[in-house]
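Here are the chains, one letter per residue:
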Amino acid sequence: MARAGASVVLAVLILACALGARADGSDHKYKEGDHVPLYANKVGPFHNPSETYRYYDLPFCAPEHPKDKREALGEVLNGDRLVDAPYELNFKEDKNSKILCKKTLTKEEVAKLRDAVAKDYYFQMYYDDLPLWGFLGKMDKDREQGDAKYLLFKHIHFDIMYNDNHVIEINVQTDPNVAVDITEDKEVPIEFSYSVTWKKTDIPFEKRMEKYSKSSSMPQHLEIHWFSIINSCVTVLLLTGFLATILMRVLKNDFIKYSHEDESLEDQEESGWKYIHGDVFRFPKQKSLFAAIIGSGTQLLALAIFIFLLALVGVFYPYNRGALFTALVVIYALTSGIAGYTATSFYLQLEGTNWVRNLIFTGCLFCGPLFLTFCFLNTVAIAYSATAALPFGTIVVIILIWALVTSPLLVLGGIAGKNSNTEFQAPCRTTKYPREIPQLPWYRSTIPQMAMAGFLPFSAIYIELYYIFASIWGHKIYTIYSILFIVFIILIIVTAFVTVALTYFQLAVEDHEWWWRSVLCGGSTGIFIFFYCIYYYHARSDMSGFMQTSFFFGYMTCVCYGFFLMLGTVGFRASLFFVRHIYRSIKCE
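Note that residues are indexed from 1 along each chain, following the sequence as it is written. Per-residue local features of the predicted model are confined to residues with pLDDT of at least 70, and side-chain atom pairs are confined, for both listing and counting, to 80 or more; whole-chain, interface and lining totals are unaffected and use all residues. The side-chain values count all of the structure's non-hydrogen atoms but skip hydrogen atoms and water molecules.

Novice: It is not clear to me how the overall build of the chain should be interpreted in this structure. Could you clarify?
Specialist: A count of helical and extended segments in the chain gives 14 helices and 12 strands. Relative accessibility under 20% of the residue-type maximum defines a buried residue, over 50% an exposed one, and the middle range a partly exposed one, all with a 1.4 Å probe and only protein chains included. Burial analysis of the chain (589 residues in total) assigns 49% to the buried set. Only heavy atoms enter the contact rule, under which two residues are in contact if any of them lie within 4.5 Å. Within the chain, residue pairs in contact and separated by at least 24 positions form 79% of the contacts whose partners lie at least 6 positions apart. With the model as given, the accessible surface of the chain reaches about 29,000 Å², and the carbon-plus-sulfur share is 61%. Strands are runs of DSSP state E lasting at least two residues, helices are runs of H or I lasting at least four, and both sets are numbered from the N terminus onward. Surface accessibility follows the Shrake-Rupley procedure with a 1.4 Å probe radius. Residue values consider only the protein chains on display as shielding.

Rendered as structure tokens:
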């Protein structure tokens, strides 16, 4: 079995390398006059990052036989569809004004371009793997008459910087004075042209990508990031101080009281967490679902840690196209064994009997909703003819990874968990019949407790959330992964502390049904993140349209659900450690 597992892991690593490898194999060194690859990627409305279309979906000048660039898995998932661009930008060759093509736009093409200009369409290209952007045109509004004039840019100027035999930087400029009016529905003759200027620079090739990460590392942004960390650290310190001065003092008094052998009968009838020792380790209802949540949450926590490790060593540098998506797919497949082992071993500790059904449940708990969401959103993308629609070949590759890697590792993990033969370590014996839970005030019910549990962890991360959202659902670039990792660690610590505190207060009023409560309280931060998604969409972004709205809320719901599973697992594990510790410290029998 070990050999089989090692073979699967080796196969996945080879697959990851193959998927992540560059198809062009370029060393990025050129001589004067050499052809430097320029690829047109996509076009789309500037405020809707998910709504992008193929470059030649609009009536631009195209080569006679445009060739699509071979893309890695992550690039396709990212919506990249690179194709040969008609511009000839040979190394160190200046061009004053070269005609690209002459054509007459039909009424339908004019209407299509006018709609694109009205929606602030931009185009994206890659020149020697360097990204460049430009707008298709602009809309001039007459304030007096209220009419709008639509102008299409017909000339593009490329400013390219080089150092020795390397391309270092490229910028594109469009001149509003060289534009054609496409306001009216009529045929428009147009002559597209471009110019190129090469300039020497001292920037080394190794630092050419630093330009794209400067925005997130500017002093004012760094100050905000550090303010976020200081805010989070203060939250952690306050929580730690609270636990140290209040909770530990109360526990100390409890230990003294409960270990006193000469207490009277009246004292023994007092309320407190000791008197539910026969129920506190009573296994929860819905064992299979509970174990599946713990297994899936543990896998997602491992996935997050591995992604952070890759980010910290510099794998996700700016515009390493598709690297993050490739890593997510491959690492999720590799960590499925963790979910299988954790869920099955814990399910059997809870005296579960049908471990095979529990294993299937674990495999579908997160993948199931994600797959259904993907099917719906991919259908929407196909209806819009957007680049977010995955090709059939890519879908087959993902299905093969799931069938040949994820599922086998899940089963191997489940078998290993079954053979581990571990027993649930409970310091107290459980009574035959459950103790009745006393009547509790409304604020001790599940929903108010979840609200209190989710607020503090969310307050520790909400400042950083804006920058993450602006990167994922905008055009900003996030590169300060060290700060993000610190915030993530703080999130884990605060979640654990808050859940432990609420678990103690729950046990202190003789409410022994803490198992599910700890998961719900720990994972409630995911619900707060979802509410922040609603706020961000309406108040902080300019996104609009059915496709963009469905993509934003569809995938962010899956992300928030993943956070719920992950942080719920953290909350339960912390509470379980705490409960075992306090009940080992007293005589329960």
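Novice: What should I look at first to understand the pairing of strand 1 (residues 38–45) in this one?
Specialist: For strand 1, a buried count of 8 out of 8 residues is recorded, marking the element as mostly surrounded by other parts of the structure. Strand pairing is defined by DSSP finding a minimum of two bridges between the two strands. Taken together, the 7 bridges between strand 1 and strand 5 (residues 121–127) define a ladder with antiparallel strand orientation. Each bridged residue has a counterpart across the sheet, and for Lys-42 the counterpart in strand 5 is Gln-124. Note that strand 1 and strand 2 (residues 53–54) share 2 bridges and pair antiparallel. Bridged to Lys-42 within strand 2 is Arg-54.

Novice: What's the story with the nonpolar core in this structure? I'm lost.
Specialist: Note on soluble globular proteins: their nonpolar side chains tend to be buried together. Joining through side-chain atoms within 4.5 Å is the link that ties buried Ala, Val, Leu, Ile, Met, Phe, Trp, Tyr and Cys residues into a set, and such a set is a nonpolar core. Ranked by internal contacts, the top residues of the largest apolar core, which has 88 residues, are Phe-346, Phe-469, Leu-507, Phe-552, Phe-572 and Tyr-583. Broken down by element, the residue count for this core peaks at 16 residues, all from helix 14 (residues 546–584).

Novice: I tried to follow the packing of aromatic side chains on my own but got confused; where do I start?
Specialist: One pair of aromatic rings is described through two measures. These are the centre distance and the angle between the planes. Stacked, edge-to-face and tilted are the three classes for Phe, Tyr and Trp ring pairs, Trp counted by its six-membered ring, which pair at centre distances within 6.5 Å; planes under 30 degrees apart are stacked, over 60 edge-to-face, the rest tilted. Per the counting criterion, the structure on display carries 50 aromatic pairs. Relative to Tyr-194, the ring of Phe-158 has its centre 6.4 Å away and its plane inclined at 75°; by these criteria the two rings are edge-to-face. Of this pair, Phe-158 sits in strand 9 (residues 155–163) while Tyr-194 sits in strand 12 (residues 188–200), and the two are 36 residues apart along the sequence. The exposure class assigned to Phe-158 is buried, which follows from its relative accessible area of 0%. Taking NZ or CZ as reference, Lys-69 lies 5.9 Å from the ring centre of Tyr-39, over its face. Distance and angle both matter: a charge sits over a ring if NZ of Lys or CZ of Arg is within 6 Å of the ring centre and within 35 degrees of the ring normal. Of note, Arg-580 hangs over the ring of Phe-424, and the distance from its end group to the ring centre comes to 4.6 Å.

Novice: Sorry, what's going on with the packing of helix 9 (residues 355–384) against helix 14 here?
Specialist: Helix-helix packing: each pair is described by the crossing angle between the helix axes and the interaxial distance. Closest axis-to-axis distance for the helix 9/helix 14 pair is 10 Å, and the angle between their directions is 170°. In terms of orientation, helix 9 and helix 14 fall into the roughly antiparallel class. Mapping the contact onto sequence places Leu-365, Phe-366, Pro-369, Leu-370, Thr-373, Phe-374, Phe-376, Leu-377, Val-380, Ala-381 and Tyr-384 in helix 9 and Phe-546, Met-547, Ser-550, Phe-551, Gly-554, Tyr-555, Cys-558, Tyr-561, Gly-562 and Leu-565 in helix 14. Gly is placed with the polar residues, together with every amino acid not listed as nonpolar (Ala, Val, Leu, Ile, Met, Phe, Trp, Tyr, Cys and Pro) or charged (Asp, Glu, Lys and Arg). Here the residues of the contact of helix 9 with helix 14 are counted per class, giving 17 nonpolar, 4 polar and no charged. Fitting a line to C-alpha atoms yields each axis, with helices limited to the stretch in contact; the angle taken between N-to-C directions then spans 0 to 180 degrees. By definition in this entry, angles of less than 35 degrees are roughly parallel, angles greater than 145 are roughly antiparallel, angles of 65 to 115 are roughly perpendicular, and the rest are oblique.

Novice: Any chance you could explain the environment of Ile-480 here in plain terms?
Specialist: Tracing the sequence through the fold places Ile-480 in the loop between helix 11 (446–472) and helix 12 (481–508). Separated by 267 residues in sequence, Ile-480 and Ser-213 place their C-alpha atoms 8.7 Å apart.

Novice: Could you clarify how one ought to interpret the pattern of salt bridges in this entry?
Specialist: Pairing is possible between side chains of opposite charge, provided their charged atoms come close. Between Lys or Arg on one side and Asp or Glu on the other, a salt bridge is scored when a side-chain nitrogen of the former is within 4 Å of a carboxyl oxygen of the latter. Under the counting rule described, the total for this entry stands at 12 salt bridges. Between Arg-435 and Glu-510 there is a salt bridge whose closest N-O contact spans 3.4 Å. Residue Arg-435 is located in the loop between helix 10 (392–419) and helix 11, and its partner Glu-510 is located in the loop between helix 12 and helix 13 (515–540); the two are separated by 75 residues in the primary sequence. A relative accessible area of 36% means that Arg-435 is categorised as partly exposed.

Novice: Can you walk me through the pairing of strand 10 (residues 166–174) in this structure?
Specialist: Where a strand is regular, its side chains alternate between the two sheet faces. Pairing between strand 9 and strand 10: 8 bridges, direction antiparallel. Looking at the pairing, Ile-160 lines up with Ile-170 of strand 10. In textbook terms, the turn of a hairpin is the stretch between consecutive antiparallel strands, and for strand 9 and strand 10 this stretch comprises 2 residues, one of which, Asp-164, has a positive phi near 60°.

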